[in-house]
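Listed below, chain by chain, are the residues.
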Amino acid sequence: MMRTLASATTLAAVLALTGCSGDDTDDSATSATPVKPEEPTPSVPAADGPLIEGSVYTFNVPEGWDTPAQDIPGLDFDSMAADLSDGDGFSDNVNVIRAGGDTLTPDQAEETATRELETGGASDVAVEDRVVVDGEETAHLSATISMNGASTTVDQFYLAGQDGAFIATFSFSPSVSATQRAEVTDSVLASWTWTS
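First, a word on what this report is: a plain description of the structure on this page.

Quick notes on the rules
Residues numbered from 1 in each chain as written. Predicted model: local features only at pLDDT ≥ 70, side-chain atom pairs only at ≥ 80, totals over all residues. Heavy atoms only, no water. Helix = DSSP H or I, 4+ residues; strand = E, 2+ residues; numbered from the N terminus. Buried < 20%, exposed > 50% of the residue type's maximum accessible area, 1.4 Å probe, protein only. Contact = heavy atoms within 4.5 Å. Areas by Shrake-Rupley, 256 points an atom, 1.4 Å probe, with all protein chains shown as cover. Pairing = 2+ DSSP bridges. Axes fitted to C-alpha atoms, helices over the stretch in contact; angles between N-to-C directions.

### Quick word on the overall build of the protein
Inference 1: Summing up its helical and strand segments, the protein has 2 helices and 12 strands in all.
Inference 2: Put simply, the protein runs from its N terminus to its C terminus through helices and strands in the order β-β-β-β-β-β-β-α-β-β-β-β-α-β.
Inference 3: Counting the 196 residues in the protein, one finds 53% classified as buried.
Inference 4: By sequence separation, contacts in the protein at least 24 residues apart represent 55% of the contacts at least 6 residues apart.
Inference 5: About 9,200 Å² of surface is accessible on the protein, with carbon and sulfur atoms providing 47% of the total.

Dropping the structure here:
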């Protein structure tokens, strides 16, 4: 059985976190091992800030980012970090959740996530170029999510490890350009390592 991906947004003080969580069964897609790409994604310098440890992976975040001191009530992240030096009233951040169920191929993740993000109220949902994360081709979607009059731009990556599927969601202020977002996401994902 596979669990679908449903978007969930929570705002807490100046820290806004956006993620996907599984909550329904969808038998229309089947599990499969992601296909390795013919051409690797061009390499970018890996982030060299604090090391973030998840349940079966690690990654580095940029300087100035780290795990916030406060807990986020009602949300169960496998890991998360935020730009603690962000001064625009919104802390750009990344959170990773265990997606549950079987892993998806990039094609399946793109189809399922597009549908779920749109159903969840996201706008400007776009399938972006795939990236290679620790040797595996990974689906990448972007979207705009609005809640309580505030908007965030998100980039989501659907990661498949030996211990199941994970979703990494990067949330940014609307003022952050696509180029600036890519600098963060690419550097963090370049540092991603599965530990089991």
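### Remarks on the sheet that holds strand β9 (residues 136–147)
Inference 1: Across the sheet, 7 strands lie side by side as β5-β6-β7-β11-β10-β9-β8; this open sheet has antiparallel pairing. Because the sheet does not close on itself, it has two edges, and the strands there are β5 (65–66) and β8 (123–133).
Inference 2: Of the pairings in the sheet, the one linking β9 to strand β10 (residues 150–161) comprises 9 bridges and is antiparallel in character. Bridge pairing in β10 links A143 to V154.
Inference 3: Each of β5, β8, β9, β10 and β11 (164–172) touches helix α2 (residues 178–190); the most contacted strand, β11, lies at about 150° to it.

### Considerations on the sheet that holds strand β12 (residues 193–194)
Inference 1: One open sheet holds the 3 strands; their spatial order is β3-β4-β12, and the pairing between them is antiparallel. Two strands bound the open sheet, and with one partner strand each, they are β3 (51–53) and β12.
Inference 2: In this sheet, strand β4 (residues 57–60) lies alongside β3 in antiparallel orientation, the contact comprising 3 bridges. Looking at β4, one finds that E53 is bridged to T58.

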